[in-house]
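# Structural characterization, general
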Amino acid sequence: MELTLHVWRQAGPDQPGRMEIIRATGISEDMSFLEMLDKVNDDLIRDGVEPIHFDHDCREGICGTCSLMINGIAHGPEEGTTTCQLHMRSFQDGDSIYIEPWRSRAFPVIKDLVVDRSAFDRIMQAGGYVSINVGAAPDANSIPVPKEDADLAFDAAACIGCGACVASCPNGSAMLFVSAKIGHLAHLPQGRVEHERRLRAMVAQMDKEGFGPCSNHFECEAVCPKEISARFIGEMNRDFIRC
Amino acid sequence: MSLTSKLTSSIGAKAVMAVSGVLLMLFVLGHMLGNLQIFLGPEQLNSYAAHLQGLGPLLWLIRLFLLAVLAAHVLAAIKVWRDSAAARPIPYSHPGSVQTTFAARTMLLSGALVLAFLIWHLVHFTVVNDPALAALKHPEGAEPHHPDVYAMVVAGFSHGGVSLLYILAQILLGLHLSHGAASLFQTLGLRRTGKAPSRVDLFAKAFAGLIVVGNCSIPIAVLLFGLGEDYLFSVLHAQ
Ligand code: FES
């Protein structure tokens, strides 16, 4: 496959950036999207050009490190798939592909496609934990949890914190991430105890980081690689208004 | 949590938008039901209008309340718009979307245009800058001096331009409602599904459709089917 890539290049956090056209040649449709970028980088290095910087770690869709806005869609065109699990067979030979970093005031660009997502860490530090000792694994089984609650908690807990929700939201809102983290603990008896305090602290931190408000476009759940439902946003809204 | 910090949070601002939106929806529905009485004849509509006028100070209280609700709705919208713009200072050079709607993306525009129409509409019918309407609003002779609302409506909509503007505004309002009337349920935590189909969407579409059809039926009846033509003629002749 041969592709025309339009890639955001930015030398550093305070440097101006711009879209650059880079040709990708010798691409196999069996490559993952990141392997395609690896190949492009190999060629760039051989030509003495600075390679494209991008985030990645596990490359198996579980760590949430990879990102990339691909043709305007976070993690690209495949539903419920991280960029590292996206394959080039989702594209056609000769395609033009626009690759941009997550765009959010709260996620400043570090270099090229790499953004600083520590705003998410600070939201977690504000309250995304259970501060009592809930015991070891066998203790968890001593508290009965209704199946429906367990399922909801598990669905929310699938969030890998990649930030695709923020990147895809027309308002740059982090509501899906925050509501998943709150919802995952709120549906379990151990997490329920500190629910209100956690909710208030995490929402306050979310606003402080400069994420936008939610206008119910539902773009976040559409691009979420873990297919987390925006129902958790509704639950967070309801509990926030009540508390 | 203090009420002020709650209201100024991103979730609080949206809650203000949703609650004021519900109140404005009730007003829009009531306003439409009131106006539809035009189909029951001049006596019915004029006595309904006289009844409203007869509320005296209570009417002013209602007006002030509606104004405050509208102001809250607009202020919340400005906050959401500013915070959203600030949250993404650098736009995408290749923007894309998966499932948001045209109505959702144009809420600010449709809302601003409906607001502009509302101001024009109030000036047109309530403050009255049209001499032909002014004569009907303050009829000579007959005691007490009730405005002939029926004749005013017919006279107003007899202008093709006025009717067209009115119909366009209703379509914009319908667009605004088709997102807003569904969105408020999610904002208030009453929707349980995310984007997945919910009765809420059906309600919003039905409500928006009802308002558009109901309100547009009046100018269409006047303009195309001659509703109240004879009545207006006789009133103007009597003067
Ligand atoms: S690199 Fe870990 S999820 Fe993609």
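Residue positions are given per chain, counted from 1 along the sequence in the order it is written. All chains are assigned letters beginning at A, and all ligands numbers beginning at 1, according to the order in which they are written. It should be noted that, the model being predicted, local features are given only for residues of pLDDT at least 70 and side-chain atom pairs only at 80 or more, the latter also being counted only at that level, while totals for whole chains, interfaces and linings use all residues. Excluding hydrogens and water, the side-chain values take into account all heavy atoms of the structure.

What follows concerns the overall build of chain B. Where helices and strands are cited, they refer to DSSP runs of H or I of at least four residues and of E of at least two residues respectively, numbered from the N terminus. If you tally the helices and strands in chain B, you get 11 helices and 0 strands. Listing each helix as α and each strand as β along chain B from the N terminus yields α-α-α-α-α-α-α-α-α-α-α. Counting only C-alpha atoms, chain B reaches 65 × 40 × 35 Å along its principal axes. Counting the 239 residues in chain B, one finds 41% classified as buried. Note on contacts: a residue pair is in contact if any heavy atoms of the two residues lie within 4.5 Å. Residue pairs at least 24 apart in sequence account for 75% of intrachain contacts in chain B once pairs closer than 6 positions are excluded. Throughout, the Shrake-Rupley method with a 1.4 Å probe supplies accessible areas, and for residues the shown protein chains are the sole cover considered. Accessible area for chain B stands at about 13000 Å²; split by element, carbon and sulfur atoms hold 73% of it. Charge counting follows a simple rule: Lys and Arg are positive, Asp and Glu are negative, and His as well as the terminal groups are ignored. Each charge is placed at NZ for Lys, CZ for Arg, CG for Asp and CD for Glu. The positive charge centre, built from 13 side chains, and the negative charge centre, built from 9, are 31 Å apart in chain B. Think of it in three bands: with a 1.4 Å probe and only protein chains considered, a residue is buried below 20% of the maximum accessible area for its type, exposed above 50%, and partly exposed in between.

The number of helices and strands found in chain A is 10 helices and 7 strands. For the radius of gyration, the atom set is restricted to C-alpha positions; the globular benchmark scales as 2.2 Å times the number of residues to the power 0.38. In terms of overall size, chain A behaves like a compact globule, its C-alpha atoms giving a radius of gyration of 20 Å where 243 residues would be expected to give roughly 18 Å. The principal-axis extents of the C-alpha atoms in chain A amount to approximately 60 × 35 × 30 Å. In chain A, buried positions account for 55% of the 243 residues. At a minimum sequence separation of 6, the contacts of chain A that also span at least 24 residues come to 68%.

Residues and elements named next belong to chain A. Burial of strand β1 (residues 3-10) is extensive: 8 of the 8 residues sit out of reach of the surface. Burial along β1 is two-sided: the residues L3, L5, V7 and R9 and T4, H6, W8 and Q10 are all buried. In the sheet, β1 pairs with strand β2 (residues 17-24) via 8 bridges, with the strands oriented antiparallel. Bridging across to β2, V7 finds its partner in E20. Should DSSP find at least two bridges between two strands, the strands are taken to pair.

Residues and elements named next belong to chain A. By secondary structure assignment, the location of R23 is in strand β2. Judged by its relative accessible area of 59%, R23 is exposed. Counting along the chain gives 167 residues from R23 to Q190, while the straight-line C-alpha distance between them is 53 Å. Counted as a polar contact is a pair of N or O atoms within 3.5 Å, where, for protein atoms, one must be capable of donating a hydrogen and the other of accepting one, and residues adjacent in sequence contribute only when both atoms are in side chains. Within the local environment of R23, its side chain forms a polar contact with the side chain of T4, the two groups lying 3.0 Å apart.

Tracing the chain through its elements places E219 of chain A in helix α9 (residues 219-223). No salt bridge forms around the buried E219 of chain A; measuring N to O, its nearest opposite-charge neighbour R105 of chain B is 6.2 Å away. Leave out the neighbours within four places in its chain, and E219 of chain A touches S168 and P170 of chain A together with S97, V98, Q99 and T100 of chain B. Any Lys or Arg side-chain nitrogen found within 4 Å of a carboxyl oxygen on Asp or Glu counts as a salt bridge.

In this section: the packing of helix α2 (residues 10-35) of chain B against helix α10 (residues 199-225) of chain B. All names here are of chain B. It is at 10 Å that the axes of α2 and α10 come closest, and there the two elements cross at 35°. For the crossing formed where α2 meets α10, the hand is left-handed. Residues M25, V28, L29, M32 and N35 of α2 touch α10, and the partners they reach there are F203, F207, L210, I211, G214, N215 and I218. Along the lines of polarity and charge, the residues of the contact of α2 with α10 split into 9 nonpolar, 3 polar and no charged. Fitting a line to C-alpha atoms yields each axis, with helices limited to the stretch in contact; the angle taken between N-to-C directions then spans 0 to 180 degrees. Two helices crossing with the near one rotated counterclockwise from the far one by less than a right angle form a left-handed crossing, whereas a clockwise rotation gives a right-handed crossing. When residue character is reported, Ala, Val, Leu, Ile, Met, Phe, Trp, Tyr, Cys and Pro are called nonpolar, Asp, Glu, Lys and Arg charged, and the others, Gly included, polar.

Another aspect to go through is the pattern of salt bridges. All names here are of chain A. Scanning the entire structure with this criterion turns up 18 salt bridges over all chains. With a closest N to O distance of 2.9 Å, D43 and K39 form a salt bridge. A residue pair is termed a helical-turn pair when its members lie 3 or 4 positions apart in one helix, as D43 and K39 do in helix α1 (residues 33-46) at 4 residues. Take D43: its relative accessible area is 19%, and that puts it in the buried class. Several salt bridges converge on common partners, so that one network encompasses R9, R18, E20 and D112.

Looking now at helix α2 (residues 118-127) of chain A. Residue and element names in this part refer to chain A. Within α2 the residues assigned to the buried category are A119, F120, I123 and G127. Around the axis of α2, the buried residues are gathered within 105° of arc, so they sit on the same side. Of the surrounding secondary structure, the elements contacted by the buried residues of α2 are α5 (164-168), α6 (175-186) and α8 (195-208). Read the arc as the range of directions from the helix axis to the C-beta atoms.

Moving on, we get to the domain arrangement of chain A. All names here are of chain A. We note that the domain assignment places domain 1 (3-111) and domain 2 (118-242) within chain A. Each domain's limits were defined by an automated method or a database of domain assignments. Just the C-alpha atoms count here: the centres of domain 1 and domain 2 sit 28 Å apart. Every contact between the two is made by 18 residues of domain 1 and, on the other side, 18 residues of domain 2. Contact between domain 1 and domain 2 buries roughly 1300 Å² in total, counting both sides, with carbon and sulfur atoms accounting for 61%. There are 0 salt bridges connecting domain 1 and domain 2. Joining two parts hides part of their accessible area as seen by a 1.4 Å probe, and the buried area is that hidden amount summed over both.

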